[in-house]
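Fold and geometry: a report
So the chains spell out like this:
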Amino acid sequence: MKKSSLSKLTQSVHAGSVGDSQYKGAVTPIYPSSAYDYQDIPEILYPRYFNTPNQRAVAEKIAALENAEDGLIFSSGMSAIMTTLFALLKKGDHAVFQSDLYGGTMHAVNTEFLRFGIECTFVDGSVPENFEKAIRPETKVIYIETPSNPTLKITDLKAVASIAKRHEVTTVIDNTFASPVNQNPIDQGIDIVAHSGTKYIGGHSDICCGAVVASKGWIDKIRKSAVNTGGSLDAHTSWLVERSLKTIVLRVRQQNQNALAIAEYLVTDQRIDRVYYPGLSSHPDHAIAKAQMPGGFGGMLSFEVKDNAFKFMDRLKLIKRAVSLGGVESTITSPAQTSHSKISAAERASLGIKDSLVRLSVGIEETEDLINDIKQALA
Ligand SMILES: Cc1ncc(COP(=O)(O)O)c(C=O)c1O
């Protein structure tokens, strides 16, 4: 798709908006109808067909921010991810997954796919050749997530896209952690981009939604499955997501700045064992991250505390202990207790997820206040 000449900041405010032809109001009206006249229109509008005005408005805004041709808005990130994968895969097919995925995606793949005769291989995504080695004649999909959850590993988007193209395999990425502000995988050759919109797209810890963006051809194919599985989002929430997106660039810029400052402070504190953040020059794949994340390195970082991690989290005053991420308020979790609790302790160990690891989702608060909160909570 031809990139818009407008900046992301401008697109975040204007892209996709539906004009208020009746009253000339400044914002997209809410169209709650689930029943529409079917005469003299190019397509039948219906919420489960993913094509009502508020659904289209928000899908178009996300597509614009991702430099994609088209998009769909879903009722959750998992609905977006699983609908996409089921649209691309059938019995007898094989898919290659990066091993350090969001725990819920890993769990869904492990429990659902085998029942439908779809085989999966998991590989360490930090070495692109691992994907190529795992490809078989029946491989249809390579699925990645970068930066990864929770150890912020980087997968080289261009390298994976070129391997996939050589073998005629479709690439899908979960771009939740980076957000459309920092990383646009379609620009790097990736085919389909999924998001848990519950995170940076919603941005205020009060909406559950998901999104998929890609070329028109891919979106038409995914929509056919989506209409069958029915994970659509209602008009009111779609409208709220459009509203949230108007500030995504401002929010994420502040989150990027805060996360980098916190990571830089943490590496200097003796009470910390290890810091995982792609924006640090000490990160093993900092150069790749710099090239493929032109907007910034994101608001997610993880670190291992020398003291008991659970007691450290108890002592925090400003940073809230909470599952999920991407909100304007800073939140912290223990991946072993939350996102990765569904996988075995052995699998966690192989992914480097220790009990001492905490994952911080940095909000938009004043940087100094966040650093001071962490300092006072470290024993
Ligand atoms: C990286 C990532 N992908 C996907 C999901 C699933 O999204 P949702 O909870 O909106 O279904 C999550 C949820 O935590 C996530 O962190």
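What counts as what
Residues numbered from 1 in each chain as written. Predicted model: local features only at pLDDT ≥ 70, side-chain atom pairs only at ≥ 80, totals over all residues. Heavy atoms only, no water. Buried < 20%, exposed > 50% of the residue type's maximum accessible area, 1.4 Å probe, protein only. Helix = DSSP H or I, 4+ residues; strand = E, 2+ residues; numbered from the N terminus. Pairing = 2+ DSSP bridges. Core = buried A, V, L, I, M, F, W, Y, C linked by side-chain atoms within 4.5 Å. Domains from an automatic or database assignment. Contact = heavy atoms within 4.5 Å. Buried area = accessible area lost by both parts, 1.4 Å probe. Salt bridge = Lys/Arg side-chain N within 4 Å of Asp/Glu carboxyl O. Polar contact = N/O pair within 3.5 Å; in protein donor to acceptor, adjacent residues only side chain to side chain. Nonpolar A, V, L, I, M, F, W, Y, C, P; charged D, E, K, R; others polar. Axes fitted to C-alpha atoms, helices over the stretch in contact; angles between N-to-C directions. Phe/Tyr/Trp six-rings, centres within 6.5 Å; stacked < 30°, edge-to-face > 60°. Lys, Arg positive; Asp, Glu negative; His and termini not counted.

1. What about the pairing of strand β12 (residues 357–361)?
Taking burial as the measure, the five residues of β12 include five buried ones, the bulk of the element. Of the two faces of β12, both are covered, the one formed by Leu 357, Arg 359 and Ser 361 as well as the one formed by Val 358 and Leu 360. Pairing geometry for strand β9 (residues 300–305) and β12, over five bridges, is antiparallel. Within β12, the position partnered with Phe 303 by the bridge is Val 358. Pairing geometry for strand β11 (residues 331–333) and β12, over three bridges, is antiparallel.

2. Regarding the nonpolar core
In this structure, Ile 62, Ile 142, Ile 144, Val 241, Leu 245 and Ile 248 are the most contacted members of the largest nonpolar core, which totals 45 residues. Element by element, the count of residues in this core is highest for helix α6 (residues 157–166), at five residues. Looking at which domains feed residues into this core, each of domain 1 (8–245) and domain 2 (249–378) gives three or more. Contacts of Ile 142, omitting those with residues within four sequence positions, involve Val 96, Phe 131, Ile 135, Val 160, Ala 164, Val 169, Thr 170, Thr 171 and Val 172. Residues Ile 262, Tyr 265, Leu 266 and Ile 319 belong to the second largest nonpolar core, which totals 31 residues.

3. Observations regarding the domain arrangement of the protein
Here the protein is described as being made up of domain 1 (8–245) and domain 2 (249–378). The straight-line distance from the C-alpha centre of domain 1 to that of domain 2 is 25 Å. If you look at the interface, domain 1 gives 40 residues, while domain 2 gives 42 residues. Counting the surface lost from both domain 1 and domain 2, the interface buries some 3,100 Å², and carbon and sulfur atoms represent 61% of this. Together, Ile 154, Asn 182 and Tyr 200 form the three largest contributors to the area buried by domain 1 at its contact with domain 2, with a combined 23%. Across the contact surface, domain 1 and domain 2 share zero salt bridges. Applying the counting rule to domain 1 against domain 2 returns 15 residue pairs in polar contact (both at pLDDT 80 or more). Counting residues per element, the ones that place at least two in the side of domain 1 that touches domain 2 are α1 (8–14), α4 (103–113), α7 (179–182) and α9 (235–245). When residues of the side of domain 1 that touches domain 2 are assigned to their parent elements, the largest contribution, four residues, is made by α4. Tallied by class, residues from the side of domain 1 that touches domain 2 come to 15 nonpolar, 20 polar and five charged.

4. Some words on the pairing of strand β7 (residues 210–214)
Counting buried positions over the five residues of β7 gives five, a clear majority of the element. Along β7, one buried face is formed by Gly 210, Val 212 and Ala 214 and the opposite face, lined by Ala 211 and Val 213, is buried too. Note: strand β1 (residues 70–74) against β7, five bridges, orientation antiparallel. Looking at the pairing, Phe 74 lines up with Gly 210 of β7. Sheet analysis places strand β6 (residues 192–196) next to β7, joined by four bridges and oriented antiparallel. What sits directly across from His 195, in β7, is Ala 211.

5. Remarks on the pattern of salt bridges
Taken as a whole and assessed by the stated rule, the structure comprises 15 salt bridges. We note a salt bridge from Glu 138 to Arg 136, for which the minimum N-O separation is 3.6 Å. For Glu 138, a relative accessible area of 29% translates into the label partly exposed. On the basis of relative accessible area, Arg 136 is assigned to the partly exposed category, the value being 29%.

6. Topic: the sheet that holds strand β5 (residues 170–174)
Spatially, the seven strands line up as an open sheet ordered β1-β7-β6-β5-β4-β2-β3, and their pairing is mixed. The open sheet terminates on both sides in strands that have one partner only, identified here as β1 and β3 (119–123). Here the average twist between neighbouring strands, direction ignored, is 20°. Running at roughly 155° to β6, helix α3 (residues 77–88) makes contact with β1, β2 (94–98), β4 (139–145), β5, β6 and β7 of the sheet.

7. Regarding the packing of aromatic side chains
Tallied over the entire structure, the rule returns eight aromatic pairs. Relative to Tyr 143, the ring of Phe 97 lies with its centre 5.3 Å away and its plane at 40°, an arrangement referred to as tilted. Taken together, the positions of Phe 97 in strand β2 and Tyr 143 in strand β4 put the pair 46 residues apart, joining distant regions of the chain. Take Phe 97 and Tyr 143: they sit in the same class, and that class is buried. Three or more aromatic residues joined by ring pairs make a cluster, and in this case those are Phe 86, Phe 97, Phe 113, Phe 116, Phe 122 and Tyr 143.

8. Some words on the side chain of Lys 199
Summarising the element assignment, Lys 199 is placed in the loop between β6 and β7. At 7.9 Å, Asp 174 is the nearest oppositely charged side chain to Lys 199, a buried residue that forms no salt bridge. Among the polar contacts made by the side chain of Lys 199, one reaches the side chain of Ser 196 at a distance of 2.9 Å. Sequence-distant contacts of Lys 199, defined by excluding residues within four places in its chain, comprise Thr 176, Ser 324, Leu 325 and Gly 326.

9. Looking at the sheet that holds β9
Sheet strands pair via backbone hydrogen bonds, and the direction of the pair is either parallel or antiparallel. Across the sheet, which stays open at both edges, the five strands sit in the order β8-β9-β12-β11-β10 with mixed pairing between neighbours. What marks the edges here is a single partner per strand, and that holds for β8 (272–276) and β10 (320–321). Against the sheet, helix α10 (residues 248–266) touches β8, β9 and β12, its axis set at about 20° to β9.

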